[in-house]
Amino acid sequence: MKEDAPEGCENWFVMVNAPADAGQNWDALRRKTRKKIIRILNKRLQTDIEPWIAVEEVADPLTIEENTGSEKGALYGVASNSMFSAFLRHPNHLSGIENLYFTGGSVHPGGGIPLCLASAGIVDEEIAQKYGG
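Scoring rules and cut-offs
- Residue positions are given per chain, counted from 1 along the sequence in the order it is written.
- Predicted model: local features are reported for residues with pLDDT of at least 70 only, side-chain atom pairs are reported and counted for 80 or more only, and whole-chain, interface and lining totals are derived from all residues.
- Calculated side-chain values reflect all of the structure's heavy atoms, with hydrogen atoms and water omitted.
- Pairs of N or O atoms are called polar contacts if they sit within 3.5 Å, as long as, within protein, a hydrogen donor faces a hydrogen acceptor (for residues adjacent in sequence, only side-chain-to-side-chain pairs).
- The numbering of helices and of strands both runs from the N terminus, where a helix is a DSSP run of H or I of at least 4 residues and a strand a run of E of at least 2.
- Patches in this entry comprise residues that are over 30% relatively accessible and not in a salt bridge; like charges within 9 Å are linked, as are nonpolar side chains (Val, Leu, Ile, Met, Phe, Trp, Tyr) within 5 Å.
- Computed by Shrake-Rupley with a 1.4 Å probe, the accessible areas treat only the displayed protein chains as cover when residues are assessed.
- Any Lys or Arg side-chain nitrogen found within 4 Å of a carboxyl oxygen on Asp or Glu counts as a salt bridge.
- We score Asp and Glu as negative and Lys and Arg as positive, and we do not count His or the chain ends.
- Every charge is mapped to an atom, namely NZ of Lys, CZ of Arg, CG of Asp or CD of Glu.
- When a residue's accessible area, from a 1.4 Å probe over protein chains only, is under 20% of the maximum for its type it is buried; when over 50% it is exposed; and in between it is partly exposed.
- Residue contacts are counted whenever heavy atoms from the two residues lie within 4.5 Å of one another.
- Here pLDDT means the predictor's own confidence in every residue, given as a number from 0 to 100.
- Note on definitions: the grid is 1 Å and covers protein atoms alone; a cavity is a set of points where a 1.4 Å probe fits but cannot get out; a pocket is an open set with protein on both sides within 12 Å along at least five of seven lines; lining residues have an atom within 4 Å of a point.
- Grid points are joined across faces, edges and corners, and a volume is the space filled by probe spheres set on the points.
- Note on residue categories: nonpolar means Ala, Val, Leu, Ile, Met, Phe, Trp, Tyr, Cys or Pro, charged means Asp, Glu, Lys or Arg, and polar means any other residue, Gly included.

A. Structural detail: helix α2 (residues 61-68). For α2, the N-terminal cap is Asp 60; the gap from its side-chain oxygen to the backbone nitrogen of Leu 62 is 2.8 Å. Looking one or two places after α2, you find Gly 69, whose phi comes out positive at around 80°.

Here's what the structure looks like:
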């Protein structure tokens, strides 16, 4: 969309998986990560992209928590960085509490828009099965 970038420019989005906030030095981590991303892009594109950056926005777990209310700024739950985390996701329904369902990035099947929508679809099917919808 035209409003996503200044006139004559492009909009690039880089997402780096970050752990939940546990008191890390996010200023230092942002600087280090930015430098690494720029280095990788420069190498792969065989150019120096930094002079072309007109506008830059960075979100870290602190700003994500502030802007979204996500616990500790964790988009995919507070324990999303282990190889077993996918198996430890919260279920979509708690059998012990009537009519309580969960959807989103930190429950089954996981993060990202397609999977969050799949999560909502699972809950929709569970409710339809329960109530004959």
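Once the structure has been displayed, the description carries forward.
B. Highlighting the environment of Pro 6. Within the secondary structure, Pro 6 is located in the segment before α1 (26-45). A sequence separation of 48 residues divides Pro 6 from Ala 54, and the C-alpha atoms of the two residues are 7.9 Å apart.

C. Representation of a positive patch on the surface in the model. A cluster of basic residues, Lys 32, Lys 35, Lys 36, Arg 39, Lys 43 and Arg 44, forms a positive patch at the surface. Looking at the element boundaries, Lys 43 is found in helix α1.

D. Representation of the side chain of Asp 60 within the structure. If you trace the backbone, Asp 60 turns up in the loop between α1 and α2. Looking at Asp 60, the relative accessible area reads 5%, which means it is buried. Among the polar contacts listed, one links the side chain of Asp 60 to the backbone nitrogen of Leu 62, at a separation of 2.8 Å. Apart from residues lying up to four places away in sequence, Asp 60 is in contact with Trp 26 and Arg 30.

E. Broad picture of the pattern of salt bridges. Throughout the structure, instances matching the rule amount to five salt bridges. Taking the shortest distance from any N to any O, the salt bridge between Arg 34 and Glu 50 comes out at 2.7 Å. Here the residue Arg 34 occupies a position in helix α1, and Glu 50 occupies one in the loop between α1 and α2, the gap between them amounting to 16 residues. Taking relative accessible area as the criterion, Arg 34 reaches 28% and is therefore assigned partly exposed. Glu 50 sits in the partly exposed class, given a relative accessible area of 37%. Taking the shortest distance from any N to any O, the salt bridge between Glu 56 and Arg 34 comes out at 2.7 Å.

F. Region of interest: the confidence of the model for the protein. Put simply, the protein has an average pLDDT of 83, and 82% of its residues get 70 or more. Within the protein, α1 carries the highest mean pLDDT (96), whereas helix α3 (residues 113-131) carries the lowest (81).

G. Here's a closer look at the environment of Ser 119. You can see Ser 119 is positioned in helix α3. Ser 119 sits in the buried class, given a relative accessible area of 0%. Counting along the chain gives 13 residues from Ser 119 to Ser 106, while the straight-line C-alpha distance between them is 9.7 Å.

H. Region of interest: a nonpolar patch on the surface. On the surface, a nonpolar cluster with roughly 360 Å² of combined accessible area is contributed by Phe 13, Met 15 and Leu 75. Its place among the elements puts Met 15 in the segment before α1. Judged by its relative accessible area of 46%, Met 15 falls in the partly exposed class.

I. Here's a closer look at the layout of surface pockets. Quantified by volume, the largest pocket comes out at close to 1,700 Å³. Lining the largest pocket we find 45 residues, and of these Trp 12, Phe 13, Val 14, Glu 57 and Val 58 sit closest to its centre. Looking at the lining of the largest pocket, the elements that each hand over two or more residues are α1 and α2. Tallying contributions element by element places α1 first for the lining of the largest pocket, with nine residues. Its residues assigned to classes, the lining of the largest pocket shows 27 nonpolar, ten polar and eight charged.

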